[in-house]
Amino acid sequence: MAKRKQDVQIVDSPRRGPGPVAWTFLGLGAGAVVGTTVAGVIGGLATLFARQVVTPGRRPVEDLEILATIQTERSTEVGLPVNQETIKPGIYSLWFDGDRGHARLGEVTSRAEGEKTLQREVISIDRGDLRAARRGRLGSNVYLSPADLGLDFEDVSVPVSAGKAPAWLVPGTSRADTWAIMVHGRGATRVETLRALPVAHAAGMTSLVVSYRNDGEAPDVNNGRYGLGTTEWRDVDSAIAYAIANGARDIVLFGYSMGGSIALQVADRSQHRTRIQALVLDSPAVNWFSILEHQAKINKIPYLSGRLGTLLLTHPLGKKLTGLTAPLDLNALDWVARADQLRVPTLILHSEDDDFVPFSSSAELAAKNPRTVQLVPFFIAGHVREWNVDSTRWENSVTDWLETVFSAPVPGLAPVAR
């Protein structure tokens, strides 16, 4: 298995990459190549912005100080500084020692009013020595394999165009011929989707947790660049073919962030699309024009540089600068504009304070196509952490909605096999 790539991401990570000052100096450096002019600076920033969107990044920075590990007879707790991430309710991962260490953190157990530190429960230490750790980073991926959930599973390989893509196969029970295919987001790996396994397993479905091109596990293609869903969908389509060859009659796609964009492309373009009975999308990228505009704003990138960066991604002349082998068709990824073309029952779970993939696009899609799309809003989760903040609400929402799809599908669609 290829070594995991971890990314300082524009979209799918709570780390924003270069800040406003860094962007300015990077742009000045790039602009110097084409001339020390305002146009050069604008062009340099545009190129850097476009490249970062489609290029897997470096290992995330361990930007969280670990103040102490407290061991008592009854529990283990970790001391952390108070910030907008550490204070949130729920369950999270704590990566440390260059991501060689991993722990699962539970709720805040202690925080005196006015104090700048707090303590959280340590549910488990999966690997590494937390007591020796001084810095780390919080994450949403609290499970490392299906075994952490007590589920039987098999390591399998899905044939894709460039070779074999590793996946986890979790057998189903009462709906074993309905397969839930789990699709992670940009800069993540398949561990991101593991939190959805209990819901799929409780519904009796077989689950296939997949990897896809350029994610650090599946083979690299297209110069290792992301297609934002326009290329990755082919590997997920191959996963559906694998599922059908192994007994699947119907498919439910789960997609996280860019995985939502991929799932929508599969539902639209797959040769097996008539098998796809439902989409469950967490913080989905349903409009990349809106995402890119939003990311340019929060990174203080000049308006013209942001617009030019989008043009570089979509125009054939931008290929040399972005490293793409073909321009991206962002219109095909704009499901707000294409709302009436979405005919597969779709559940969206999205937090209103998501500062990476704007909630507004999900709300607009649901408003334009209420017959097909149901939106469950969350409020303090940020990006792809809806389950982390309130796992009970997330799981109940998905479970209840799936039951409505199983029992009373949208007219004109074949019922999901039981």
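Look a little higher up for the structure.
Here is what the cut-offs are and how they apply
Residues numbered from 1 in each chain as written. Predicted model: local features only at pLDDT ≥ 70, side-chain atom pairs only at ≥ 80, totals over all residues. Heavy atoms only, no water. Helix = DSSP H or I, 4+ residues; strand = E, 2+ residues; numbered from the N terminus. Buried < 20%, exposed > 50% of the residue type's maximum accessible area, 1.4 Å probe, protein only. Contact = heavy atoms within 4.5 Å. Areas by Shrake-Rupley, 256 points an atom, 1.4 Å probe, with all protein chains shown as cover. Pairing = 2+ DSSP bridges. Polar contact = N/O pair within 3.5 Å; in protein donor to acceptor, adjacent residues only side chain to side chain. Axes fitted to C-alpha atoms, helices over the stretch in contact; angles between N-to-C directions. Left-handed = near helix turned anticlockwise from the far one by under 90°. Nonpolar A, V, L, I, M, F, W, Y, C, P; charged D, E, K, R; others polar. Expected span 1.5 Å × (residues − 1). Arc of directions from axis to C-beta.

**Brief notes about the overall build of the protein**
Part 1: The secondary structure content of the protein amounts to 11 helices and 15 strands.
Part 2: The buried share of the protein, reckoned over its 418 residues, is 57%.
Part 3: Within the protein, counting contacts between residues at least 6 apart in sequence, those at least 24 apart form 74% of the total.
Part 4: By element, 52% of the accessible surface of the protein is carried by carbon and sulfur atoms, the whole surface being about 17,000 Å².

**Examining the sheet that holds strand S5 (residues 101-110)**
Part 1: Pairing within the open sheet is antiparallel, and its seven strands lie in the order S1-S7-S4-S5-S6-S3-S2. Across the chains shown, the open sheet's two edge strands, defined by having one partner strand only, are strand S1 (64-65) and strand S2 (68-71).

**Focus: the side chain of His350**
Part 1: For His350, the location among the structural elements is in strand S14 (residues 346-351).
Part 2: A polar contact is formed between the side chain of His350 and the side chain of Asp354, at a distance of 3.0 Å.

**Comments concerning the sheet that holds strand S13 (residues 276-282)**
Part 1: Read across the open sheet, the eight strands follow the order S8-S9-S11-S10-S12-S13-S14-S15; overall the sheet is mixed. What marks the edges here is a single partner per strand, and that holds for strand S8 (154-160) and strand S15 (373-378). Neighbour-to-neighbour, the strand axes of the sheet open up by a mean angle of 20 degrees, direction not taken into account.
Part 2: Bridge count between strand S12 (residues 250-256) and S13: six bridges; the pairing is parallel. For Phe254, the partnering residue across the bridge sits in S13 and is Val280.

**Examining the environment of Ala176**
Part 1: Its location among the elements puts Ala176 in strand S10 (residues 175-183).
Part 2: A relative accessible area of 32% places Ala176 in the partly exposed class.
Part 3: Ala176 sits 28 residues away from Gly204 along the chain, and the two C-alpha atoms are 6.2 Å apart.
Part 4: Dropping the residues within four chain positions of it, Ala176 is found in contact with Gly204 and Thr206.

**Brief notes about the pairing of S12**
Part 1: A large share of S12 lies buried, amounting to seven of its seven residues.
Part 2: Going residue by residue along S12, you find Asp250, Val252, Phe254 and Tyr256 tucked away on one face and Ile251, Leu253 and Gly255 tucked away on the opposite face as well.
Part 3: Taken together, the six bridges between S10 and S12 define a ladder with parallel strand orientation. Looking at S12, one finds that Val183 is bridged to Gly255.

**Remarks on the packing of helix H4 (residues 233-245) against helix H5 (residues 258-269)**
Part 1: Orientation of H4 relative to H5, taken along the N-to-C sense of each, is 65 degrees, at an axis distance of 9 Å. Both H4 and H5 take part in a crossing whose hand is right-handed. Residues Trp233, Arg234, Val236, Asp237 and Ile240 of H4 form the contact with H5, whose participating residues are Ile262, Gln265, Val266 and Arg269.
Part 2: Residue composition of the contact of H4 with H5, by class: five nonpolar, one polar and three charged.

**Some words on helix H7 (residues 303-314)**
Part 1: Its 12 residues give H7 an end-to-end C-alpha distance of 17 Å, which sits within 8% of 16 Å, the value for a rise of 1.5 Å per residue.
Part 2: By the burial criterion, the buried members of H7 are Ser305, Gly306, Gly309, Thr310, Leu312 and Leu313. Viewed along the axis of H7, the buried residues span an arc of 155 degrees, placing them on a single side of the element. Relative to its buried face, H7 has exposed residues pointing more than 90 degrees away, namely Tyr303, Leu304 and Arg307.

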